[in-house]
Amino acid sequence: MENLENLQVLREQARTQSQLLEQAEDALTQTINEYNQARRSHFDKEFKRKQLFWCTECHEIFKGEGQLILLEGVREESCGYENSCYRFDTYSELHQTCPSCYQKALDRHGWVGTTDSQLHKTPRYHAFRVETRSDGLFACRFGEWQALNPEMKVPAIWDHVIEKLCNEWKLPPKLEIKFGRLKDPEWIVAGEPV
Ligand SMILES: [Zn+2]
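Sequence order as written defines the numbering, with residues in each chain counted from 1. Local features in this predicted model are restricted to residues whose pLDDT is 70 or higher, and side-chain atom pairs enter the listing and the counts only when it is 80 or higher, whereas totals over whole chains, interfaces and linings include all residues.

1. A few points about the overall build of the chain
- Each helix and strand in the chain was counted, giving 4 helices and 8 strands.
- Only DSSP runs of H or I with at least four residues qualify as helices, and only runs of E with at least two residues qualify as strands; both kinds are numbered from the N terminus onward. For the chain, the α and β elements follow one another from N to C terminus as α-β-β-β-β-α-β-β-β-β-α-α.
- We compute the radius of gyration from the C-alpha atoms alone; for a globule the expected value is 2.2 Å times N to the 0.38, where N is the number of residues. Taking 16 Å as the expected radius of gyration for a compact globule of 194 residues, we find that the chain reaches 27 Å, considerably beyond that expectation.
- Once the C-alpha set of the chain is aligned to its principal axes, its extents read approximately 90 × 50 × 30 Å.
- Working definition of a contact: two residues with C-beta atoms, positioned from the backbone, lying within 7 Å. Counted over contacts in the chain with a minimum sequence separation of 6, partners at least 24 positions apart contribute 55%.

Below you can see the structure in the form of structure tokens.
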């Protein structure tokens, strides 16, 4: 009987400790999120201070200001399990490019590919100049200036590019939590989730 009571006490102790672990984990997650957000905003400021921009076409970093351009068209994309299929995607994207990618895009403007015999779609490519005005962004589509949807944003700089720069600039590292054991209550109280 005494042995059973002892088991009960230890079981309660494990339950309390696992609750404490859970609270500590929540607090840790919050702290790490705050840290990563503050780190990101520090990175953005540094990026601005150094007067850099990221070319969304060649994905290189350049000094100065990128040139905005509106890219539209129909492109082939792989899809399905292990990219076993393909489909055609109609897109309209705002990009920010380096001088060389800007020129390449304008040179390619008007390109039309061959019509796909199965899906009956034709890939095509258009590049339109973009101007920043006091009332927003305007693109010159076939000779006509049109206001762009204000929700249209240049793709954000890729995470791994940020991490590479953070290493070079010796900014503090990103923090991550690896969940698993802590998220699994059975690890704490075997057989009976808390
Ligand atoms: Zn580029």
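Let us keep going from here.
2. Comments concerning the confidence of the model for the chain
- Known as pLDDT, the predictor's per-residue confidence is scaled from 0 to 100. Per-residue confidence for the chain gives a mean pLDDT of 88, with 91% of residues at or over 70.
- At the low end of the mean pLDDT range in the chain sits helix H4 (residues 185-188), at 40; at the high end sits helix H2 (residues 99-108), at 97.
- Within the model, the stretch residues 180-194 combines pLDDT values under 50 with 17 contacts to residues more than four positions away or in other chains.

3. Observations regarding H2
- With C-beta atoms placed from the backbone, a residue counts as buried when 20 or more other C-beta atoms lie within 10 Å of its own, as exposed when 12 or fewer do, and as partly exposed for counts between those limits. Buried within H2 we find Cys101, Tyr102 and Ala105. Seen along its axis, H2 keeps its buried residues to an arc of 105 degrees; they face one direction. Exposed residues lying more than 90 degrees from the buried face of H2 are Pro99 and Asp107.
- Those residues of H2 that are buried are in contact with strand S3 (67-79), strand S4 (85-97) and strand S6 (124-133).
- With its phi angle positive at about 95 degrees, glycine 110 sits one or two positions after the end of H2. Starting at the helix axis, one direction is taken to each C-beta atom, and the arc is that of these directions.

4. Concerning the domain arrangement of the chain
- Looking at the chain, the domain boundaries give domain 1 (1-52 + 158-194) and domain 2 (57-154).
- Between domain 1 and domain 2, the C-alpha centre-to-centre distance is 40 Å.
- On the side of domain 2, 5 residues touch domain 1, which itself brings 4 residues to the contact.
- Tallied by class, the residues present in the side of domain 1 that touches domain 2 amount to 3 nonpolar, 1 polar and no charged. Start and end positions for the domains come from either an automated domain assignment or a database one. For this classification, Asp, Glu, Lys and Arg are treated as charged, while Ala, Val, Leu, Ile, Met, Phe, Trp, Tyr, Cys and Pro are nonpolar and the rest, including Gly, are polar.

5. Regarding helix H3 (residues 159-168)
- H3 sits mainly on the outside: 0 of its 10 residues count as buried.
- Of the residues flanking the end of H3, it is lysine 170, one or two places downstream, whose phi is positive at about 60 degrees.

6. Regarding unusual backbone geometry
- Notably, glutamine 51 is not glycine yet its phi reads approximately 55 degrees, a positive angle.
- Here glutamine 51 lies in the loop between helix H1 (2-49) and strand S1 (52-54).
- At histidine 120, a residue that is not glycine, the phi angle is positive and equals roughly 55 degrees.
- Structurally, the position occupied by histidine 120 is in the loop between strand S5 (111-112) and S6.
- Residue classification places histidine 120 among the exposed residues on the basis of 8 C-beta atoms within 10 Å.

7. Remarks on the nonpolar core
- The nonpolar core is taken to be a set of buried Ala, Val, Leu, Ile, Met, Phe, Trp, Tyr and Cys residues joined by way of C-beta atoms within 7 Å. Grouped together as the largest cluster of nonpolar side chains are 11 residues: Leu68, Ile69, Leu70, Leu71, Cys98, Cys101, Tyr102, Ala105, Ala127, Phe128 and Ala139.
- Per-element tally for this core: the top contributor is S3, with 4 residues.
- When neighbours within four sequence positions are excluded, alanine 105 is seen to be in contact with Glu57, Ile69, Leu71, Thr97 and Ala127.

8. Section: the pairing of strand S8 (residues 144-147)
- Strand pairing follows a simple DSSP-based rule, namely that at least 2 bridges must link the two strands. Direction of pairing for strand S7 (residues 136-141) relative to S8: antiparallel, over a ladder of 4 bridges. Directly across from cysteine 140, in S8, lies its bridge partner tryptophan 145.
- Between S7 and S8, which pair antiparallel one after the other, the connecting turn spans 2 residues, and phenylalanine 142 there sits at a positive phi close to 50 degrees.

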